[in-house]
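Report on the structure
Listed below, chain by chain, are the residues.
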Amino acid sequence: MDTLFGFTGKDYVLIATDRAAQFSIVKLLDSDDKITELDGNKLLAAGGDTADRINFSDLMQKNIHLYYYRNSVKLTTEATANFVRTVISENLRKKPSFADLLIGGVDSEPALYYLDYLGVMQKVRKAAHGHAGHFLYGLMDNWWKPDLTLEEGKEIARKCVQQVRTRFLVNQQKFIVKVVDKNGITLLDI
């Protein structure tokens, strides 16, 4: 029952997730950070089974760091998304992990990638995962525009979180929002 959403702005990518960790129908805690910082300019948000989500996020973060240490080259956001997609596809028949992902980063321009647990990958401008995504897409379609300033993006994130709190059957009160831009990664308070 995770909720993940994100969108690109003029020169940034904003990604938000709920903070609940659950097992079956029980909420275990509401302070979980589901957004992993892959490096200084890329974020990976993951939703799904708690163990798969945490293990897969850690695996991707460590492998991207290993690639950098071996080759002295930072992967672009597109290369990172392709690497993650390849790992998901290779593991699909061996040891699948059921985690849905959003990868956002800023190289020369902001980029957001939608990946699901089957290895489907698409570069998008706005995306959502989880049951709440069914109405978040409509809300983002209504409010999003290509050249959003950061303040406008924060306002859209506030509206999306408020709609999840109001309309979604599952009680998701706490959210974490991170922004990546050319200066790095920032935690937002909305």
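Everything below is about the structure shown above.
Our subject in this report is the structure included herewith. (Residues numbered from 1 in each chain as written. Predicted model: local features only at pLDDT ≥ 70, side-chain atom pairs only at ≥ 80, totals over all residues. Heavy atoms only, no water.)

Tallying each qualifying case throughout the model produces two aromatic pairs. With centroids separated by 5.5 Å and ring planes inclined at 55°, the aromatic side chains of Phe98 and Tyr117 adopt a geometry described as tilted. In this pair, Phe98 is assigned in the loop between α2 (77-91) and β7 (99-106) and Tyr117 in the loop between β8 (110-115) and β9 (121-124), connecting sequence segments 19 residues apart. Seen from the ring of Trp143, Lys159 lies directly overhead, with NZ or CZ sitting 4.9 Å from the centre. (Phe/Tyr/Trp six-rings, centres within 6.5 Å; stacked < 30°, edge-to-face > 60°. Helix = DSSP H or I, 4+ residues; strand = E, 2+ residues; numbered from the N terminus. Lys NZ or Arg CZ within 6 Å of the ring centre and 35° of its normal.)

Attention now goes to the side chain of Lys42. Within the secondary structure, Lys42 is located in strand β6 (residues 42-48). Engagement of the side chain of Lys42 in a polar contact is seen with the side chain of Asn41, the distance being 2.9 Å. Beyond its immediate stretch of four places on either side in the chain, Lys42 contacts Thr36, Glu37, Leu75, Thr76, Thr77, Thr80, Gly104, Gly105, Val180 and Ile185. (Polar contact = N/O pair within 3.5 Å; in protein donor to acceptor, adjacent residues only side chain to side chain. Contact = heavy atoms within 4.5 Å.)

This part is about helix α4 (residues 150-167). In a regular helix each residue adds 1.5 Å, so 18 residues correspond to 26 Å; α4 covers 25 Å between its end C-alpha atoms and thus fits that length. Listed as buried for α4 are Gly153, Lys154, Ile156, Ala157, Cys160, Val161, Gln163 and Val164. On its buried face, α4 sits against β1 (4-8), β2 (12-18), α3 (133-143), β11 (175-181) and β12 (184-188). (Expected span 1.5 Å × (residues − 1). Buried < 20%, exposed > 50% of the residue type's maximum accessible area, 1.4 Å probe, protein only.)

To continue, consider the pattern of salt bridges. What the rule picks out here adds up to twelve salt bridges. In this structure, the salt-bridge partner of Arg158 is Glu155, at a minimum N-O distance of 3.1 Å. Of the two residues, Arg158 and Glu155 are both situated in helix α4; the distance of three residues between them amounts to about one turn of the helix. Owing to a relative accessible area of 33%, Arg158 belongs among the partly exposed residues under this scheme. (Salt bridge = Lys/Arg side-chain N within 4 Å of Asp/Glu carboxyl O.)

Bringing the nonpolar core into the picture now. Judged by nonpolar contacts, the single largest core of 22 residues is most densely connected at Phe5, Phe7, Leu14, Leu136 and Met140. Contributions of two or more residues to this core are made by β1, β2, α3, α4 and β11. In terms of residue count, the dominant contributor to this core is α4 (five residues). Once residues within four sequence positions are removed from consideration, Phe5 is found in contact with Leu14, Ile15, Ala16, Leu102, Ala127, Ala128, Leu136, Met140, Ala157, Cys160, Val161 and Phe175. Core analysis: the next-biggest nonpolar cluster, separate from the first, contains 17 residues, Leu38, Ala81, Val87 and Ala111 among them. (Core = buried A, V, L, I, M, F, W, Y, C linked by side-chain atoms within 4.5 Å.)

This brings us to the sheet that holds β7. Here we have five strands laid out as an open sheet, ordered β5-β6-β7-β8-β9, and antiparallel in their pairing. If you trace the sheet from one side to the other, it starts and ends with β5 (35-39) and β9, each paired once. Shown here is a sheet whose adjacent strand axes are inclined to one another by a mean of 20°, direction ignored. Inspection of the sheet shows β5 paired to β6 by four bridges, in the antiparallel sense. Within the sheet, the bridge partner assigned to Thr36 lies in β6 and is Leu44. (Pairing = 2+ DSSP bridges. Axes fitted to C-alpha atoms, helices over the stretch in contact; angles between N-to-C directions.)

Turning to unusual backbone geometry, a few remarks are in order. For Ser72, which is not glycine, the phi torsion reads 55° and is therefore positive. Structurally, Ser72 is set in the loop between α1 (50-71) and α2. Given the relative accessible area of 61%, Ser72 is considered exposed.

To continue, consider the sheet that holds β1. Ordered by their spatial adjacency, five strands build an open sheet running β10-β1-β2-β11-β12, and the pairing between neighbours is antiparallel. Since the sheet does not close on itself, it has two edges, and those belong to β10 (126-129) and β12, each with one partner. Adjacent strand axes in the sheet meet at a mean angle of 15°, parallel and antiparallel pairs treated alike. Summarising the sheet, β1 and β2 pair through five bridges and their orientation is antiparallel. Within β2, the position partnered with Phe7 by the bridge is Leu14. In the packing of α3 onto the sheet, the strands contacted are β1 and β10, and the crossing angle to β10 comes to about 165°. Packing of α4 onto the sheet brings it into contact with β1, β2, β11 and β12, and relative to β1 it is tilted by some 160°.

Spatial relationships are all this shows, so hold off on functional conclusions.
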